[in-house]
Amino acid sequence: MPYWLQAGAWGLLAGGALLLGALAGYRLPLPQRLIAAIMAFGSGVLIAALSFELMEHAFHTGGFVSTAAGFLGGATVYTLVNRLLSRHGARHRKRSGRQPPAVDDDGSGRAIAVGALLDGIPESIVIGLSMLDGGKVSMAAVAAIFVSNIPEGISSAAGMKRAGRKAGYIFGIWGGIALASGVAALLGYALFRHFSPQVVAATMAVAAGAILAMLVDTMIPEAFEETHDFAGLITVAGFLAAFALSKLGG
């Protein structure tokens, strides 16, 4: 199988976890505290992944300047776009219990969809970029993104259902994001294999910065809101699990 197609398949697999999470969040009566705990664990997983996979690889590939510029740039772009989307109803898109009712804010649905893309695409591009070094995907990155996507899907779908959104709308969004994840991973490999190591490093760091900004803006507040004093401990457990996976996979 061509490398570009493998990249797309891995991205689709990781993105498919969003759909699995959405199905669980929509069909199962999961307590908000459990959803928040899973969200905290997923946050720890992603923090470890961006620390030991993305930033480390970006630094060794393109050096400190490219990595630092990309990291700050990714966080800045994410913050500005997320701020704009928040004004149109997407502020609580990952919250399981607090989203604008569908009948009250018609524009919030589009903002939630765009916000979901904003959250998911940087992660997927990373999967394709990880294959540039010899055509072998980073299993630690794929596993970390897959694990973290499940609570994202659970939380958002549960919140959308409580807000009165239809099943077709909910699964349409997350199915579309799963497909977009596959395409983003494919493009991450197919396009960037022609660029210099500095550009690749900067792009990987951009994704890392966007992911970290997303965690602090959306996932961690959801985790803390319900788990409170246990949020830190659960997040550390997720970090440790991904750290172990990274080292064992290396």
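Everything numeric in this text was worked out from a predicted model, so none of it was measured.

Parameters at a glance
Residues numbered from 1 in each chain as written. Predicted model: local features only at pLDDT ≥ 70, side-chain atom pairs only at ≥ 80, totals over all residues. Heavy atoms only, no water. Axes fitted to C-alpha atoms, helices over the stretch in contact; angles between N-to-C directions. Helix = DSSP H or I, 4+ residues; strand = E, 2+ residues; numbered from the N terminus. Parallel < 35°, antiparallel > 145°, perpendicular 65-115°, else oblique. Left-handed = near helix turned anticlockwise from the far one by under 90°. Contact = heavy atoms within 4.5 Å. Nonpolar A, V, L, I, M, F, W, Y, C, P; charged D, E, K, R; others polar. Buried < 20%, exposed > 50% of the residue type's maximum accessible area, 1.4 Å probe, protein only. Expected span 1.5 Å × (residues − 1). Phe/Tyr/Trp six-rings, centres within 6.5 Å; stacked < 30°, edge-to-face > 60°. UniProt positions renumbered as here; feature names shortened; annotations may be inferred. Core = buried A, V, L, I, M, F, W, Y, C linked by side-chain atoms within 4.5 Å.

A. Representation of the packing of helix H4 (residues 139-162) against helix H5 (residues 167-192). Contact geometry of H4 with H5 gives a least axis separation of 10 Å together with a crossing angle of 155°. Here H5 runs roughly antiparallel to H4, going by the angle between their axes. At the point where H4 passes H5, the crossing takes the right-handed sense. The segment H4 lies against H5, with Glu152, Ser156, Ala157, Met160 and Lys161 engaging Tyr169, Ile170, Ile173 and Trp174. Tallied by class, the residues present in the contact of H4 with H5 amount to six nonpolar, one polar and two charged.

B. Representation of the side chain of Ser181 within the structure. Here Ser181 lies in helix H5. For Ser181, a relative accessible area of 1% corresponds to the buried category. Look past the residues within four positions of Ser181 in its chain and what remains in contact with it is Gly11, Leu12, Gly15 and Ser124.

C. Main features of helix H1 (residues 3-27). In this model H1 runs 36 Å from its N-terminal to its C-terminal C-alpha over 25 residues, within 8% of the 36 Å that 1.5 Å per residue would give. Taken together, the buried positions of H1 are Ala7, Gly8, Gly11, Ala14, Gly15, Ala17, Leu18, Gly21, Ala22, Ala24, Gly25 and Tyr26.

D. Representation of the packing of aromatic side chains within the structure. As enumerated under the stated definition, the model contains five aromatic pairs in all. Between Phe192 and Phe195, the aromatic rings sit 5.5 Å apart at their centres with planes inclined by 40°, giving tilted as the arrangement. A residue is classified by how much of its surface remains accessible, and Phe192, at 18% relative accessible area, is buried. A relative accessible area of 45% means that Phe195 is categorised as partly exposed. Grouped by ring-pair contacts, the aromatic residues Phe52, Phe239 and Phe243 constitute a single cluster.

E. Quick look at the UniProt feature "transmembrane region" (unreviewed entry) in the protein chain. Under the UniProt annotation, the feature "transmembrane region" (unreviewed entry) is placed at residues 6-26, 33-52, 64-85, 169-192, 198-218 and 230-249. In residues 6-26, helix accounts for 100% and strand for 0%; the two terminal C-alpha atoms are 30 Å from one another. Secondary structure across residues 198-218 divides into 100% helix and 0% strand, with the first and last C-alpha atoms of the span separated by 30 Å.

F. Representation of H4 in the model. Over its 24 residues, H4 extends 35 Å from the first C-alpha to the last, a length consistent with the 34 Å expected when each residue adds 1.5 Å. Phi turns positive one or two residues past the end of H4, at Gly164, with a value near 95°.

G. Highlighting the nonpolar core. By size, the foremost hydrophobic cluster in this structure holds 34 residues, and its most contacted members are Leu46, Leu54 and Ile127. When contributions to this core are tallied by element, the ones reaching two or more residues are H1, helix H2 (32-90), helix H3 (106-130), H4, H5 and helix H6 (197-227). Ranked by the residues each element gives to this core, the list is headed by H6, at 13 residues. If near-sequence neighbours (up to four positions away) are discounted, Leu46 is found in contact with Glu123, Ala144, Ile145, Ser148, Glu152, Ile211, Met214, Leu215 and Met219. Grouped together as the second largest cluster of nonpolar side chains are nine residues, Tyr26, Met160, Ile170 and Ile177 included.

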